[in-house]
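One-letter residues, chain by chain:
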Amino acid sequence: MPTRIDLTTIINAPIEICFDLSRSIDLHQHSTQQTREKAIAGRTSGLIELNEFVTWRATHFLITQKLTSKITAFNRPYSFTDVMIKGAFKSIHHDHIFERSGDKTLMTDQFSYEVPGGVIGSLFNELILKRYLKRLLVKRNEVIKTIAESGESKRFLA
């Protein structure tokens, strides 16, 4: 049974900037410094596009692991989807949705995943993993919001 995390972040910046920052490999690496996340294969910098993939190497729970995701849907500047094609999870499906709201952008994450490991995996998910993943997404969104609103977006969109 998949677990789903839904987040909405209100950003005082144009939808196009928010959309592009969300698909920036460089910004993603900047926002995940605590896990030393690094793009090591596929698209390793710049803006990821439809049908491209990226392989990330990161340290979570003292374990270095790799995860490869692919952009499977893309409708700039309104939505894109990435799915895990290789990694420790049974599945990951992440919809990124953007809506104009006056002069602001509503950025919504619909992040669904399944863990392996049967009952033990489910218990680990409920006790630790779900909160951990939500914190990672919130942190990433805070970084996107800060950069979009500060006018520093060119640093990650060049």
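Values in this document were obtained by computation on a predicted structure and should not be read as measured data.

J.: Just checking my understanding: could you explain the pairing of strand β1 (residues 3-11) for this structure?
T.: Remember that side chains alternate between the two faces of the sheet whenever the strand is regular. A one-sided burial pattern is seen for β1, the buried positions being Thr 3, Ile 5, Leu 7, Thr 9 and Ile 11 and the unburied ones Arg 4, Asp 6, Thr 8 and Ile 10. For β1 and strand β7 (residues 104-114), the ladder comprises 9 bridges, and the chain directions are antiparallel. Within β7, the position partnered with Arg 4 by the bridge is Ser 112.

J.: Could you clarify how one ought to interpret the nonpolar core in this entry?
T.: Proteins that are soluble and globular tend to have nonpolar side chains buried together. Counting 21 residues, the largest nonpolar core has Ile 11, Leu 21, Leu 27 and Phe 98 as the members making the most contacts within it. Apart from residues no more than four positions distant in its own chain, Leu 21 is found in contact with Leu 27, Ile 144, Ile 147, Ala 148, Ser 153, Phe 156 and Leu 157. Counting residues in each nonpolar core, the second largest holds 13 residues, with Ile 5, Ile 92, Leu 129 and Leu 137 among its members.

J.: What am I meant to see in the sheet that holds strand β2 (residues 38-42) here?
T.: By way of backbone hydrogen bonds, the strands of a sheet pair with one another, either parallel or antiparallel. The 7 strands are arranged β1-β7-β6-β5-β4-β3-β2 in an open sheet whose pairing can be described as antiparallel. Among the strands making up the open sheet, the edge pair consists of β1 and β2. Put simply, the sheet's adjacent strands are angled 25° from each other on average, direction ignored. Against the sheet, helix α1 (residues 15-22) makes contact with β1, β4 (63-75), β5 (79-86), β6 (91-101) and β7, and its axis sits at roughly 165° relative to β6, the strand it touches most. This element, helix α3 (residues 118-150), spans β1, β3 (53-60), β6 and β7 of the sheet and lies at about 20° to β1.

J.: Explain a nonpolar patch on the surface to me, please; I cannot follow it from the model alone.
T.: Together, Phe 61, Leu 123, Phe 124, Leu 127 and Ile 128 give the surface a local cluster of nonpolar side chains, amounting to about 450 Å² of exposed area. For Phe 61, the position within the fold is in the loop between β3 and β4. On the basis of relative accessible area, Phe 61 is assigned to the partly exposed category, the value being 38%.

J.: Is there a simple way to explain the packing of aromatic side chains in this structure?
T.: The description of an aromatic ring pair rests on the distance of the ring centres and on the angle between the ring planes. Within this structure, the stated rule accounts for 8 aromatic pairs. Each ring, one from Phe 19 and one from Phe 80, has its centre 5.3 Å from the other, and the planes form 80°; the classification is edge-to-face. Of this pair, Phe 19 sits in helix α1 while Phe 80 sits in strand β5, and the two are 61 residues apart along the sequence. Geometrically, the ring pair formed by Phe 61 and Tyr 132 is tilted, given 4.5 Å between the ring centres and 40° between the ring planes. Within this pair, whereas Phe 61 is found in the loop between β3 and β4, its partner Tyr 132 is found in helix α3, the two being separated by 71 residues in sequence. Through pairs of rings, three or more aromatic residues link up here, namely Phe 19, Phe 74, Phe 80 and Phe 98.

J.: Just to check I follow, could you spell out unusual backbone geometry for this structure?
T.: With the exception of glycine, the majority of residues adopt a negative phi angle, and the majority of peptide bonds are in the trans configuration. Arg 76 connects to Pro 77 through a cis peptide bond whose omega is 0°. On the secondary structure map, Pro 77 appears in the loop between β4 and β5. The backbone of Asn 51 sits at a positive phi, close to 70°, despite the residue not being glycine. As for its position among the elements, Asn 51 is in the loop between β2 and β3. In this structure, Phe 61 is a non-glycine residue whose phi angle is positive, near 55°.

What counts, and where the lines are drawn
Residues numbered from 1 in each chain as written. Predicted model: local features only at pLDDT ≥ 70, side-chain atom pairs only at ≥ 80, totals over all residues. Heavy atoms only, no water. Buried < 20%, exposed > 50% of the residue type's maximum accessible area, 1.4 Å probe, protein only. Helix = DSSP H or I, 4+ residues; strand = E, 2+ residues; numbered from the N terminus. Pairing = 2+ DSSP bridges. Core = buried A, V, L, I, M, F, W, Y, C linked by side-chain atoms within 4.5 Å. Contact = heavy atoms within 4.5 Å. Axes fitted to C-alpha atoms, helices over the stretch in contact; angles between N-to-C directions. Patch = residues over 30% accessible without salt bridge, like charges linked within 9 Å, V, L, I, M, F, W, Y side chains within 5 Å. Areas by Shrake-Rupley, 256 points an atom, 1.4 Å probe, with all protein chains shown as cover. Salt bridge = Lys/Arg side-chain N within 4 Å of Asp/Glu carboxyl O. Phe/Tyr/Trp six-rings, centres within 6.5 Å; stacked < 30°, edge-to-face > 60°.

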